[in-house]
Amino acid sequence: MYPRVLIAGVRGGAGKTTVTLAILSLLRKRGLNTLAFKKGPDYIDSGWLSLFSGNTCYNLDTFMIPPQKVIQSFMERAKGYISVIEGNRGLYDGLDADGSVSTAELAKLLFCPVILVVDCTKITRSVAALINGFITFDRDVQIKGIVLNQVANPRHEKIIKESIKKYCSVEVVGSIPRFKDLKMPERHMGLLPYQEHEMKKEAIEFINEAARYLDEEKILKIAMQAPDIPHISENSTIDIRYEGLKIGVIRDRVFQFYYEENLEELKKHGADILLINSLEDKNLPDIDALYIGGGFPETNVKYLCKNIDLMKNINEKAQNGLPIYAECGGLMYLCKSLITDEGEFPMAQVFPFKLKMFKKPQAHGYVLAKVNGNNPFYREGLEIKGHEFHYSRVIEYERMPEMCFTMLRGEGIIHSKDGACYKNTLGTYIHIHALGCIEWVRGLLKKAKNYKESKNA
């Protein structure tokens with residue numbers, strides 16, 4: 001049995017993150033074991049979901065991960081928990097007119113009941129028409145509850161609830177008022193990461209206040225009545241050749257963007273994870289490979305530059321052939337310099353790129369890249385699915401490094417190319433998910449094993 005519920009919105013920004021966090025808060029206070037999942041490419045929401053559930057948040061993305069593996073991953077992790085899944089964008093929004101990889105498609109894949117969040121700003125009776133449209137648009141999507149958000153006053157609420165009762169076949173399970181002074185903190189990529197939020201306590205109080213307006217019993221009933229999921233079994237071959245490898249991971253307030261599944265897959269294959277702090281550690285520990293994920297180096301750039309010792313040490317290790325895989329923020333960290341509104345700041349200088357931050361996104365969305373050049377980790381001809389979201393762009397370079405990815409969808413680093421290579425270092429704007437790219441796991445560990453053996457030779 002897998003009690004579960006999926007929280008979707010009529011559009012992006014309707015309030016589904018607030019509702020999801022509020023539901024997790026309610027269930028956890030009740031003493032229930034809760035587990036959060038996030039649909040779509042996202043790290044920041046996942047951090048908040050982990051905080052409120054008290055457990056690691058996992059990702060369910062049907063673009064990056066094959067559908068069967070999405071089901072398998074959910075069933076392996078959700079057993080023994082009440083699962084709350086947060087969708088992304090509007091319920092039916094996908095890559096195309098067919099709604100491929102939409103939240104609705106995930107709900108159908110997992111046979112998951114849906115609670116729909118409706119932003120009620122400047123709308124009353126029309127909410128009922130909107131809800132009926134969502135219900136009838138795809139009858140295979142089981143919308144079992146409605147949460148009204150941004151309700152102006154009791155009269156506003158009364159008209160909307162009476163309209164839903166009269167015209168709709170679904171009940172309201174929450175009605176959250178419009179808060180004048182309370183909201184979740186935001187930045188250019190969405191919510192502010194909870195690790196950086198100086199007023200985390202106030203944010204938690206906001207969610208707890210929103211939770212007071214939800215019907216906990218009705219929501220729990222919906223989750224408990226979720227139907228069975230057809231059993232999926234898939235044999236996973238774990239290569240034991242990689243026992244004892246040490247993989248360094250820079251994870252701190254600067255570099256926070258990691259899918260937990262990526263780290264878990266490395267550990268499943270026998271590797272040990274050694275966490276590194278880019279602001280405090282002066283040198284890398286004794287490791288066989290380094291993984292630098294995404295984050296916000298631009299908002300912490302002055303602090304990064306104060307720890308020039310680590311950047312010099314990483315550069316030296318790269319020169320000596322340490323396998324390094326750097327995604328997005330990690331790529332930025334390895335470049336020559338980064339220009340922000342506060343000036344130009346030197347980085348680790350493994351790659352010759354000078355980057356500049358811009359006010360608007362320079363790339364945002366799912367990507368597809370083909371490996372078409374020599375590189376440390378991937379076989380040529382492989383197609384990689386992932387996502388990119390960055391405000392930085394290359395504005396200058398002394399020489400063009402070897403680029404091993406051709407972008408079939410998305411922007412990449414420059415001129416529709418990505419995957420900058422230098423010796424055993426690969427830097428990319430592309431975020432990958434290990435469950436959809438097992439070649440990344442095997443490639444990184446194989447190169448780490450070779451490096452370890454060469455050190456001991």
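Structural data are supplied above this passage.
### Observations concerning the nonpolar core
Logical step 1: Of all hydrophobic cores here, the largest spans 86 residues; its most connected members are F74, I85, L91, L116, I131, I143 and L148.
Logical step 2: Ranked by the residues each element gives to this core, the list is headed by helix α1 (residues 16-29), at 7 residues.
Logical step 3: Apart from the residues lying within four places of it in its own chain, the contact partners of I143 are L91, Y92, V114, L116, F134, I135 and V170.
Logical step 4: Core analysis: the next-biggest nonpolar cluster, separate from the first, contains 74 residues, L245, L322, A326 and M332 among them.

### So, the sheet that holds strand β15 (residues 343-346)
Logical step 1: With respect to topology, 4 strands assemble into an open sheet ordered β15-β14-β16-β19, the strand pairing being mixed. Whereas interior strands pair on both sides, the edge strands pair on one side only; in this sheet they are β15 and β19 (392-397). In this sheet, neighbouring strand axes are inclined to one another by 25 degrees on average, regardless of whether the strands run parallel or antiparallel.
Logical step 2: Bridge count between strand β16 (residues 353-357) and β19: 5 bridges; the pairing is antiparallel. Each bridged residue has a counterpart across the sheet, and for K356 the counterpart in β19 is R393.

### Considerations on the pattern of salt bridges
Logical step 1: A full pass over the atoms with the stated rule returns 23 salt bridges.
Logical step 2: E209 serves as the salt-bridge partner of R212, at 2.9 Å between the closest nitrogen and oxygen.
Logical step 3: Note that E265 is salt-bridged to K268, the shortest N-O span being 3.4 Å. Here K268 and E265 lie together in helix α9 (residues 260-268), a separation of 3 residues that amounts to about one turn.

### Details of the pairing of strand β2 (residues 34-39)
Logical step 1: Of all 6 residues that make up β2, 6 are buried, and the element is covered over most of its length.
Logical step 2: Burial along β2 is two-sided: T34, A36 and K38 and L35, F37 and K39, pointing in opposite directions, are all buried.
Logical step 3: In this structure, β2 lies alongside strand β3 (residues 58-60), joined through 3 bridges in parallel fashion. Of the residues in β3, the one forming a bridge with F37 is Y58.
Logical step 4: Viewed along the sheet, the connection from β2 through helix α2 (residues 44-53) into β3 turns out right-handed.

### Observations regarding the side chain of H433
Logical step 1: For H433, the location among the structural elements is in the loop between β22 (425-428) and α13 (438-456).
Logical step 2: Setting aside residues no more than four positions away along its own chain, H433 makes contact with N59, M64, I65, Y259, E261 and N262.

### Here we look at the packing of helix α5 (residues 126-137) against helix α6 (residues 154-167)
Logical step 1: Look at α5 against α6: their axes get within 8 Å of each other, and the N-to-C directions meet at 45 degrees. By the angle between their directions, the pair α5 and α6 is classed as oblique. Note that α5 runs across α6; the crossing there is right-handed. The residues of α6 that touch α5, namely those facing V127, A128, I131 and N132, are I160, S163, I164 and Y167.
Logical step 2: Classifying every residue of the contact of α5 with α6 by side-chain character gives 6 nonpolar, 2 polar and no charged.

### Observations concerning the packing of aromatic side chains
Two descriptors summarise a pair of aromatic rings, namely the distance from one centre to the other and the angle between the planes of the rings.
Logical step 1: Counted according to the given criterion, the structure contains 22 aromatic pairs.
Logical step 2: Seen from their ring centres, F37 and Y58 are 6.3 Å apart, and the 40 degrees between their planes marks the pair as tilted. Of this pair, F37 sits in strand β2 while Y58 sits in strand β3, and the two are 21 residues apart along the sequence. There is no split in this pair, since F37 and Y58 are both buried.
Logical step 3: Through pairs of rings, three or more aromatic residues link up here, namely Y258, Y291, Y325, F377, Y378, F405 and W440.
Logical step 4: Taking NZ or CZ as reference, R77 lies 4.6 Å from the ring centre of Y58, over its face.
Logical step 5: A cation sits over an aromatic face here: K385 above F63, 5.2 Å from the ring centre.

Definitions and limits used
- Residue positions are given per chain, counting from 1 as you read along its sequence in written order.
- Only residues with pLDDT of at least 70 are given local features in this predicted model, and only at 80 or more are side-chain atom pairs given and counted; all residues enter the totals for whole chains, interfaces and linings.
- Values shown for side chains rest on all heavy atoms present in the structure; no hydrogens or waters enter the calculation.
- In these notes, a set of buried Ala, Val, Leu, Ile, Met, Phe, Trp, Tyr and Cys residues joined through side-chain atoms within 4.5 Å is what counts as a nonpolar core.
- Exposure categories follow from relative accessible area, calculated using a 1.4 Å probe and restricted to protein chains: below 20% of the type maximum is buried, above 50% is exposed, and the middle band is partly exposed.
- Helix and strand labels come from DSSP, where a helix needs a run of H or I of at least four residues and a strand needs a run of E of at least two; each type is numbered from the N terminus.
- Contacts are assigned to residue pairs that have any heavy atoms within 4.5 Å of one another.
- What makes two strands pair is DSSP finding at least two bridges between them.
- Between N-to-C directions, angles cover 0 to 180 degrees, with each direction set by a line fitted to C-alpha atoms, over the stretch in contact for helices.
- Any Lys or Arg side-chain nitrogen found within 4 Å of a carboxyl oxygen on Asp or Glu counts as a salt bridge.
- When the strands point away from the viewer and the connection leading from the first strand across the helix to the second strand turns clockwise, the crossover is called right-handed.
- Oblique is the label for any angle not covered by the other classes, which are roughly parallel (under 35 degrees), roughly antiparallel (over 145) and roughly perpendicular (65 to 115).
- Should the near helix be turned counterclockwise from the far one by less than a right angle, the crossing is left-handed, whereas a clockwise turn marks it as right-handed.
- Residue type decides the class: Asp, Glu, Lys and Arg count as charged, Ala, Val, Leu, Ile, Met, Phe, Trp, Tyr, Cys and Pro as nonpolar, and the leftover types, Gly among them, as polar.
- Two rings from Phe, Tyr or Trp (for Trp, the six-membered ring) form a pair when their centres sit within 6.5 Å of each other. Planes less than 30 degrees apart are called stacked, planes more than 60 degrees apart edge-to-face, and all others tilted.
- Lysine NZ or arginine CZ positioned within 6 Å of the ring centre and within 35 degrees of the ring normal marks a charge as sitting over the ring.

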